[in-house]
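Fold and contact review
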Amino acid sequence: MDTQTAIVTGASSGIGRELARLFAADGYNLVVVARQREALESLIAGITRDHRVAARALAVDLADPEAGRRIEEDLARAGVLVDVLVNNAGFGLQGAFADLPLERQLAMIQVNVTTLTELTRRFLPGMLARNRGGILNVGSTAGFQPGPFMAGYYATKAYVVSLTEALAEEVAGSAVRVSCLAPGPTATRFAEAARMTETRLFRGGTMTAAAVARIGYDAWKRGKILAVPGVSNKLGVALVRVSPRPLVRTIVKRLNR
Ligand SMILES: NC(=O)c1ccc[n+]([C@@H]2O[C@H](COP(=O)([O-])OP(=O)(O)OC[C@H]3O[C@@H](n4cnc5c(N)ncnc54)[C@H](OP(=O)(O)O)[C@@H]3O)[C@@H](O)[C@H]2O)c1
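Below is a summary of the structure that appears in this document. (Residues numbered from 1 in each chain as written. Predicted model: local features only at pLDDT ≥ 70, side-chain atom pairs only at ≥ 80, totals over all residues.)

**Structural notes on the overall build of the protein chain**
For the protein chain, the count of helices and strands is ten helices and nine strands. Looking at the protein chain as a whole, 44% of its 257 residues qualify as buried. Of the contacts formed within the protein chain by residues at least 6 apart in sequence, a portion of 69% connects residues at least 24 apart. (Helix = DSSP H or I, 4+ residues; strand = E, 2+ residues; numbered from the N terminus. Buried ≥ 20, exposed ≤ 12 C-beta atoms within 10 Å, placed from the backbone. Contact = placed C-beta atoms within 7 Å.)

So this is what it looks like as structure tokens:
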């Protein structure tokens, strides 16, 4: 079979960078997307040194409402067909909803929700037409309950989990696989960017980006729809499902401060 291409957003760091490496190691050509061009170029240099695949970098701000259209046009011009879309780029904001700057919150919704949705809608029809490939969306354990003091972020991830599970059912019966990787606290630049390194949640321990990416990648390959990495994260999600909602809200409020 011909070589397939995977596009990975947020590949300049953390979980996305590790996911890009895993696709390359399996022989996928790569398109890596993020704002930091240099980090993408150095990732590509390593990937093309270690694996016989083609890789290209697209330095794009996914908070720009034009980003999805630009990415599709760039790839169409280059004759690149997207077989696998990894919607990994995202960021969080810790703080009271009423205090966090509105423009940052809207940018977060644009990156975590709107551009993810747009890229999914732009590339999924081609995957279904060719009956191969798929989508791996990076949600979060934050997506399973409301998150006081990270209210907007938790809501974006609830959207990602819900959208992905629904799409996975819609494409069932085709060879296209749609999965959601829902990590808990992971040692990346995320916590620093969200200003939450000192929260109880992150002081409670983290997984490595490499371990989380491996679990997500293997789950997607096996056609597993929802992957929550790590025993304590799995336990947390299970407990949320059976606990009274007021209790869940109170505990998460404590964890996020
Ligand atoms: N770390 C955790 O504890 C954790 C837990 C659950 C879920 N997640 C999710 O995992 C995903 C990856 O995060 P990470 O933990 O690997 O954090 P990270 O190291 O901060 O990586 C985030 C990636 O997203 C990219 N990104 C952020 N804003 C962007 C924008 N406006 N335009 C383009 N790219 C943008 C960043 O690239 P540039 O800065 O170069 O643009 C970077 O490559 C996110 O969706 C996050 O919500 C993380």
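After that view of the structure, there is still more to cover.
**Description of the site of the ligand**
In the vicinity of the ligand there are 30 residues, among which Gly 10, Gly 14, Arg 35, Gly 90 and Phe 190 approach most closely. Going through the elements one at a time, helix H1 (14–25) and helix H6 (190–193) are the ones with two or more residues in the shell around the ligand. Considering every element that reaches the shell around the ligand, the biggest residue donor is H1, with three residues. The residue inventory of the shell around the ligand, partitioned by class, reads 15 nonpolar, twelve polar and three charged. (Near = placed C-beta within 6 Å. Nonpolar A, V, L, I, M, F, W, Y, C, P; charged D, E, K, R; others polar.)

**So, the sheet that holds strand E3 (residues 55–59)**
Across the sheet, which stays open at both edges, the seven strands sit in the order E3-E2-E1-E4-E5-E6-E9 with parallel pairing between neighbours. Unpaired on one side and paired on the other, E3 and strand E9 (226–227) mark the two borders of the sheet. Looking at chain direction, strand E2 (residues 29–34) and E3 are connected through five bridges and run parallel. When the bridges of E3 are listed, Leu 30 appears paired with Ala 55. (Pairing = 2+ DSSP bridges.)

**So, the nonpolar core**
Ranked by internal contacts, the top residues of the largest apolar core, which has 65 residues, are Val 8, Leu 19, Ala 20, Phe 23, Leu 30, Val 32 and Val 33. Counting residues per element, this core draws most heavily on helix H4 (residues 102–130), which supplies seven residues. Look past the residues within four positions of Val 33 in its chain and what remains in contact with it is Ile 7, Val 8, Thr 9, Ala 11, Leu 58, Val 60, Ile 71 and Ala 89. Counting residues in each nonpolar core, the second largest holds seven residues, with Leu 201, Phe 202, Val 252 and Leu 255 among its members. (Core = buried A, V, L, I, M, F, W, Y, C linked by C-beta atoms within 7 Å.)

**A closer look at the packing of H1 against helix H8 (residues 209–222)**
Packed helix pairs are characterised by how far apart their axes lie and by the angle those axes make with each other. Interhelical geometry of H1 versus H8 gives an angle of 55 degrees and a closest axis separation of 8 Å. Between H1 and H8, the interaxial angle falls into the category oblique. Note on packing geometry: the crossing formed by H1 with H8 is right-handed. Where H1 abuts H8, its residues Gly 14, Ile 15, Glu 18, Leu 19 and Leu 22 lie against Ala 209, Ala 210, Val 212, Ala 213, Arg 214, Gly 216 and Tyr 217. Here the contact of H1 with H8 is built from residues that sort into eight nonpolar, two polar and two charged. (Axes fitted to C-alpha atoms, helices over the stretch in contact; angles between N-to-C directions. Parallel < 35°, antiparallel > 145°, perpendicular 65-115°, else oblique. Left-handed = near helix turned anticlockwise from the far one by under 90°.)

**Topic: the pairing of strand E4 (residues 84–87)**
Because side chains alternate across E4, one face comprises the buried residues Val 84 and Val 86, and the other comprises Leu 85 and Asn 87, equally buried. Read from E4 through H4 to strand E5 (residues 134–138), the crossover connection turns out right-handed. (Right-handed = clockwise from strand over helix to strand, strands pointing away.)

**Details of the packing of helix H3 (residues 67–77) against H4**
Interhelical geometry of H3 versus H4 gives an angle of 35 degrees and a closest axis separation of 9 Å. Here H3 runs over H4; the crossing is right-handed. In contact with Ala 67, Gly 68, Ile 71 and Glu 72 of H3, H4 contributes Thr 115, Glu 118, Leu 119 and Arg 122. A per-class count over the contact of H3 with H4 returns three nonpolar, two polar and three charged.

**What about the environment of Ser 179?**
As for its placement among the helices and strands, Ser 179 is situated in strand E6 (residues 177–181). As a C-alpha pair, Ser 179 and Tyr 217 span 38 residues in sequence and 9.3 Å in three-dimensional space. Beyond its immediate stretch of four places on either side in the chain, Ser 179 contacts Leu 136, Thr 164, Ala 168, Ala 219, Trp 220, Lys 224, Ile 225 and Ala 227.

**Quick notes on the environment of Arg 130**
Position of Arg 130 among the secondary structure elements: in helix H4. With 47 residues separating them along the chain, Arg 130 and Asp 83 place their C-alpha atoms 8.7 Å apart.

**Observations regarding unusual backbone geometry**
Keep in mind that most residues, glycine aside, have a negative phi and that most peptide bonds are trans. In this structure, Phe 149 takes a positive phi of about 75 degrees despite not being glycine. Within the secondary structure layout, Phe 149 lies in the loop between E5 and helix H5 (151–170). Its identity as a non-glycine residue notwithstanding, Arg 195 has a phi of 55 degrees, on the positive side. Summarising the element assignment, Arg 195 is placed in the loop between H6 and helix H7 (200–203).

**Observations regarding the pairing of E5**
Burial analysis of E5 places five of its five residues in the buried class, the great majority of the element. Burial along E5 is two-sided: Gly 134, Leu 136 and Val 138 facing one way and Ile 135 and Asn 137 facing the other are all buried. Alignment of E5 against E6, held across five bridges, turns out to be parallel. Bridge pairing in E6 places Val 138 opposite Leu 181. Note that the unit made of E5, H5 and E6 has a crossover that is right-handed.

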